[in-house]
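# Residue-level structural notes
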Amino acid sequence: MNNLSEKSVENVEFMIEAIKEKLKVLNLGAIKPSHFDEEMYEELKDIYDLVMKKNSFSPNEMQALVEELGNLRKNK
């Protein structure tokens, strides 16, 4: 298990992949770990924690999460 309290590229990659796997949303393919940097680490960790706590998501919740991830992307 990664120590997610540390801001690192590896942890960003781990969280993005875990979120994508859990949500199984096709349009998350456009979201790549390289789109995020340490500036957004806390926000990304919050999303990760939220996603990992829940067992299922409504389409509206999924859309909101995808939009939130999109908003965190750098170099928009």
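For the structure given in this document, a descriptive report is provided here. Counting from 1, residues in each chain are numbered in the order their sequence is written. At least 70 in pLDDT is required for a residue's local features to be given in this predicted model, at least 80 for side-chain atom pairs to be given and counted, and no such filter applies to totals for whole chains, interfaces and linings, which use all residues. Neither water nor hydrogens contribute to the side-chain values; these are computed over all heavy atoms in the structure.

### Details of the packing of helix α1 (residues 9-23) against helix α2 (residues 41-53)
Using the following cut-off: Only the stretch in contact is used when a helix axis is fitted, and all axes are lines through C-alpha atoms; the angle between N-to-C directions ranges over 0 to 180 degrees. Helix numbering and strand numbering both begin at the N terminus, where a helix is a DSSP run of H or I of at least 4 residues and a strand a DSSP run of E of at least 2. Crossing chirality is assigned from the near helix's rotation relative to the far helix, an anticlockwise turn below a right angle marking it left-handed and a clockwise turn marking it right-handed. Note on contacts: a residue pair qualifies if any of its non-hydrogen atoms lie within 4.5 Å across the two residues. In this count, Pro and Cys sit with the nonpolar residues alongside Ala, Val, Leu, Ile, Met, Phe, Trp and Tyr, while Asp, Glu, Lys and Arg are called charged and the others, Gly among them, polar.
One way to put it is that α1 packs onto α2 with a least axis distance of 10 Å and a crossing angle of 35°. Note that α1 runs across α2; the crossing there is left-handed. Counted together, N11, V12, F14, M15, I16, A18, I19, K22 and L23 of α1 and Y41, L44, K45, I47, Y48, V51 and M52 of α2 form the full contact between these two elements. A class-by-class count of the residues in the contact of α1 with α2 yields 13 nonpolar, one polar and two charged.

### Things to note about α2
Heads up, the condition is: Under the convention used throughout, the expected extent of a helix is 1.5 Å for every residue step, that is, one less than its residue count. For every residue, the accessible area (1.4 Å probe, protein chains only) is compared with the maximum for its type, and the residue is labelled buried under 20%, exposed over 50%, or partly exposed between those bounds. Throughout, the arc means the angular range of directions from the helix axis out to the C-beta atoms.
When the terminal C-alpha atoms of α2 are compared, their 18 Å separation across 13 residues agrees well with the 18 Å that a helix rising 1.5 Å per residue should span. Taken together, the buried positions of α2 are occupied by Y41, L44, K45, I47, Y48 and V51. Viewed end-on, α2 has its buried residues packed into an arc of 160°, placing them on one side of the element. Facing away from the buried side of α2, by more than 90 degrees, are the exposed residues D46 and K53. Elements in contact with the buried residues of α2: α1 and α3 (59-72).

### With respect to the packing of α2 against α3
Using the following cut-off: To sort the angles, those under 35 degrees are grouped as roughly parallel, those over 145 as roughly antiparallel, those from 65 to 115 as roughly perpendicular, and the leftovers as oblique.
The geometry of α2 relative to α3 is characterised by a closest axis approach of 10 Å and an angle of 165° between their N-to-C directions. The orientation of α2 relative to α3 falls into the category roughly antiparallel. Seen along the crossing, α2 lies across α3 with a hand that is left-handed. Residues E43, L44, I47, L50 and V51 of α2 form the contact with α3, whose own contacting residues are L65, E68, L69 and L72. Looking at the contact of α2 with α3 residue by residue, the class counts come to seven nonpolar, no polar and two charged.

### Focus on the nonpolar core
The line we're drawing: As used here, the term nonpolar core means buried Ala, Val, Leu, Ile, Met, Phe, Trp, Tyr and Cys residues forming a set that is joined through side-chain atoms within 4.5 Å.
Core analysis: the biggest nonpolar cluster contains 19 residues, and I16, I19, F36, L44, I47, V51 and L69 have the highest contact counts within it. When contributions to this core are tallied by element, the ones reaching two or more residues are α1, α2 and α3. Among all residues touching V51, those that are not within four sequence positions of it are I19, K22, L23, F57 and L65.

### Some details on α3
A rise of 1.5 Å per residue sets the reference length of α3, with its 14 residues, at 20 Å; its end C-alpha atoms lie 20 Å apart and thus fit the reference within 8%. Looking only at α3, the buried set comprises L65, V66, L69 and L72. When α3 is viewed along its axis, its buried side chains cluster within an angular range of 120° and face the same direction. Turned more than 90 degrees away from the buried face of α3 sit P59 and N60, all of them exposed. Contacts from the buried residues of α3 go to α1 and α2.

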